2 protein chains.
Amino acid sequence: MPKISQKGANMPSSPIRKLVPFAEEAKRQGKKVYHLNIGQPDIVTPKVALEAVKNWDVDVLEYSHSAGNESYRKGLAEYYKSVGIDITSDQILITTGGSEAITFALMSTLDEGDEIIIPEPFYANYNGFAAAAGVKVKTIYSSIDTDFALPSIEEFEKAITPRTKGIVLVNPNNPTGYLYSKEELESLRQIVLKHDLYLYADEVYREFCYDGHEHFSAMNLEGIEQNVILMDSVSKRYSMCGVRIGALITRNKEVYNTAMKFAQARLCPPSYGQIAGEAALNTPKEYFEEVYNEYIDRRNFMVEELNKIEGVYCPKPKGAFYTVVQIPVDDADYFAQWMLSDFEYKGQTVMVAPASGFYANPELGKQQVRIAYVLKKEDLKNAVETFAAALKAYPGKK
Amino acid sequence: MPKISQKGANMPSSPIRKLVPFAEEAKRQGKKVYHLNIGQPDIVTPKVALEAVKNWDVDVLEYSHSAGNESYRKGLAEYYKSVGIDITSDQILITTGGSEAITFALMSTLDEGDEIIIPEPFYANYNGFAAAAGVKVKTIYSSIDTDFALPSIEEFEKAITPRTKGIVLVNPNNPTGYLYSKEELESLRQIVLKHDLYLYADEVYREFCYDGHEHFSAMNLEGIEQNVILMDSVSKRYSMCGVRIGALITRNKEVYNTAMKFAQARLCPPSYGQIAGEAALNTPKEYFEEVYNEYIDRRNFMVEELNKIEGVYCPKPKGAFYTVVQIPVDDADYFAQWMLSDFEYKGQTVMVAPASGFYANPELGKQQVRIAYVLKKEDLKNAVETFAAALKAYPGKK
């Protein structure tokens, strides 16, 4: 029997994968499981997008252009202008989800053994994309004590080696919900410039910034226009994770042309998703206001309730819809599993993502979990009550 | 300005990419361009698939399971049983097009520097997928003189090195239309077994076998059940290339689990495409009969007409909807460009794919083009008449 690849063996599993069978078993036992573990919002997709697909009159579902439909790219350029990012449609490559934008960005710029720096905790799937590209992820520590602010420039300097080719910044951040300020981005700009690095900017939560804070895009950093690769997605913006539409955006012509070669090999992004994505550009303002208010409400509620629990600390995130929470347990991995398999409260339990999966350093995150506030407030209320009861009942309390 | 990756620099361009601007210019000049260059059929997508998407009532376009919807996988297992391939739904991983199935198969089993053997001419995008995986493609020559039959086992033996990990077989073949026989597959089986190789079986044209010839699947080769990875797609079967739905199928649990890690990193395949794909399983028999008859008609017409042209040889392919044709020119790359930029016949011209792009050896295919008979007979008639006139008028005749 032939062997699998070393690359495949090194591919990390999804950090919550090992919990899935426990969640399924809990459901089989009749427990209601509240999913705070994944970024799958219950917010409805804009009608205008759903209707566009229903009304699309097509006889042959043909390949589209490898960079995506031109009309969609033109519409997207307008969208970016409206959020203060000045780019043209030929700097946009439509991808199959944000995931493919990340893959194309890494593959186009990095070779086996090259290194990228990511502040941890970080979106765990970067481990997978990096492993697929043969790239080494080096992390620098951002602490819950500063609510996960950007590590100092000195920390970045310490991590840089001759193989370092770029820095990944997810802003607003998944899993922490931290929103990086213009000042923090300016300090990144300097280090990018000094070492001639790529800045891989993952801004899929751009629309989710709270308390009057504005999003500052890496695309607007002066003097590093050729270094920035923006990776975007419609998944969260319009609550349509399933359509698998994203975009890679760069002013660097050579990077764009290289990414296009990867895009041509896989032929094209999904056609229905492009129809939905293009129509979603016409989502009425009120939709976003409603969604915004809903998330503010959910966040405020969650943060307040979580901080009421003894021994728990939850920062107040300014963006996205996640928060990394400090909890008084011996081992959050085990606690998360225990909640599913050994605990119930009024017939309910909660699934959370242990934060260890978001750290590269195995010593970190053992007393932290990521919570996604993606459920209705009524559900969040039950979930947090159950979570508090679980912490109280858990034998491995600290 | 930071550099692109060596991997990106090595990525081959699509073999027809350089012709695209010439085709666009020809259209601007008002010429009618017949596209015989790509496998984009004009056949309508089954109504049952299009209607299923229109009728899908959904409020939130959520992520699906990373392996694809369970109901679809179960339906697919039934489909495979119906074509004589006995597999279960948990051996099926739904992918984003056949392209992703190829990527997952290579990434899960091959490391940087490993080698795969492909008979040439071969589907050019394998170059891209191999380059992305850091894998070396070694080709062995299949000749138009034998209508592109499988090279002898001795040729395979000669190409095998300690780094050889597998053989790719596209059956029926793109670009040649050759249908490999059970006997040819049996001889492959022996070499796979002897050297413990993977057999990557690309069978996306399974339904397109002509003249009473039956398709024999690599999945039915005895004794190498753990070595075969089937890569499939709905694109051609149901003429829905744009939905980007395919599948990786293997009985090798370790390979499946490894591919699943790549699948989890990219989250899920497109949801609308899965709805269309699942519904397409109920495509009425008459649809396939009509399509079959249409292609037989087109093929017979094309092969006959092409062979009437002086100096042209066109084998009679038993499968798919391509044929590689020998033509009396100095350089088919230049001829293809010349047809677009310097030639017209009754206001028309033809775009073909120069065969050089389907060979790894730069010396091969210089007098060959790939022709896809994917247009209505009336269009094919005009196209082949134009093609004949072009060969007559071309100054670089041989």
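Parameters at a glance
- Residues numbered from 1 in each chain as written.
- Chains lettered and ligands numbered in written order.
- Predicted model: local features only at pLDDT ≥ 70, side-chain atom pairs only at ≥ 80, totals over all residues.
- Heavy atoms only, no water.
- Least-squares fit on C-alpha atoms with pLDDT ≥ 70 in both.
- Contact = heavy atoms within 4.5 Å.
- Core = buried A, V, L, I, M, F, W, Y, C linked by side-chain atoms within 4.5 Å.
- Buried < 20%, exposed > 50% of the residue type's maximum accessible area, 1.4 Å probe, protein only.
- Helix = DSSP H or I, 4+ residues; strand = E, 2+ residues; numbered from the N terminus.
- Pairing = 2+ DSSP bridges.
- Domains from an automatic or database assignment.
- Buried area = accessible area lost by both parts, 1.4 Å probe.
- Salt bridge = Lys/Arg side-chain N within 4 Å of Asp/Glu carboxyl O.
- Polar contact = N/O pair within 3.5 Å; in protein donor to acceptor, adjacent residues only side chain to side chain.
- Nonpolar A, V, L, I, M, F, W, Y, C, P; charged D, E, K, R; others polar.

## Quick look at the relation of the copies chain B and chain A
In step 1: Its rotation angle being 180 degrees, the transformation that places chain B on chain A also includes 0.0 Å of axial translation and leaves an RMSD of 0.0 Å. With respect to symmetry, the two chain copies, as superposed, fit the operation of a two-fold axis. The position closest to the rotation axis in chain B is occupied by the C-alpha of B:Lys54, lying 2.2 Å away.
In step 2: Counting the interface residues of chain B, we find that 100% of their copies in chain A are interface residues as well, pointing to one common contact surface.

## Things to note about the nonpolar core
In step 1: In terms of nonpolar packing, the biggest core is built from 112 residues, with A:Tyr80, A:Leu199, B:Tyr80 and B:Leu199 touching the most fellow members.
In step 2: Setting aside its immediate chain neighbours within four residues, B:Tyr80 contacts B:Ile85, B:Ile87, B:Ile92, B:Arg206, B:Leu230, B:Asp232, B:Ala247 and B:Ile249.
In step 3: Core analysis: the second largest hydrophobic core is formed by 76 residues, A:Val168, B:Leu93, B:Ala105 and B:Met231 among them.

## Comments concerning the pairing of strand E9 (residues 322–326) of chain B
Residue and element names in this part refer to chain B.
In step 1: With four of its five residues buried, E9 lies for the most part within the structure.
In step 2: As defined by bridge partners, E9 adjoins strand E12 (residues 368–372) across five bridges and the pair is classed as antiparallel. Considered in E12, the bridge of Val324 is made with Arg370.

## Here we look at the sheet that holds E9(B)
In sheet architecture, strand pairing relies on hydrogen bonds along the backbone and comes in two forms, parallel and antiparallel.
In step 1: Here we have three strands laid out as an open sheet, ordered E9-E12-E11 (chain B), and antiparallel in their pairing. Edge strands, defined here as strands with exactly one partner in the open sheet, are E9 and strand E11 (353–354) of chain B.

## Points about the domain arrangement of chain A
Residues and elements named next belong to chain A.
In step 1: Partitioning chain A into structural domains gives domain 1 (6–44 + 285–393) and domain 2 (47–280).
In step 2: Once you take the C-alpha centre of each, domain 1 and domain 2 turn out to be 25 Å apart.
In step 3: Three residues stand out in domain 1 for area buried against domain 2, namely Lys318, Ala320 and Phe358, and they jointly supply 20% of the buried area on that side.
In step 4: Our count for the contact surface shared by domain 1 and domain 2 stands at one salt bridge.
In step 5: One can count 16 residue pairs in polar contact (both at pLDDT 80 or more) joining domain 1 with domain 2.
In step 6: Of all the elements in the fold, those that place two or more residues in the side of domain 1 that touches domain 2 are helix H1 (6–10), helix H11 (285–308), strand E9 (322–326) and strand E12 (368–372).
In step 7: At seven residues, H11 tops the list of elements feeding residues into the side of domain 1 that touches domain 2.
In step 8: Partitioning the side of domain 1 that touches domain 2 into residue classes produces 25 nonpolar, nine polar and four charged.

## Observations concerning the pattern of salt bridges
Oppositely charged side chains can form a pair if their charged atoms are brought close together.
Residue and element names in this part refer to chain A.
In step 1: For the structure on display, the rule yields 42 salt bridges over all chains.
In step 2: The partner of Lys158 in a salt bridge is Glu155, and the shortest N-O contact between them spans 3.1 Å. One end of the pair, Lys158, and the other, Glu155, are both in helix H7 (residues 153–159), three residues apart, so they sit about a helical turn from each other.
In step 3: Connected via shared salt-bridge partners are Glu203, Arg206, Glu207, Asp232 and Arg237.

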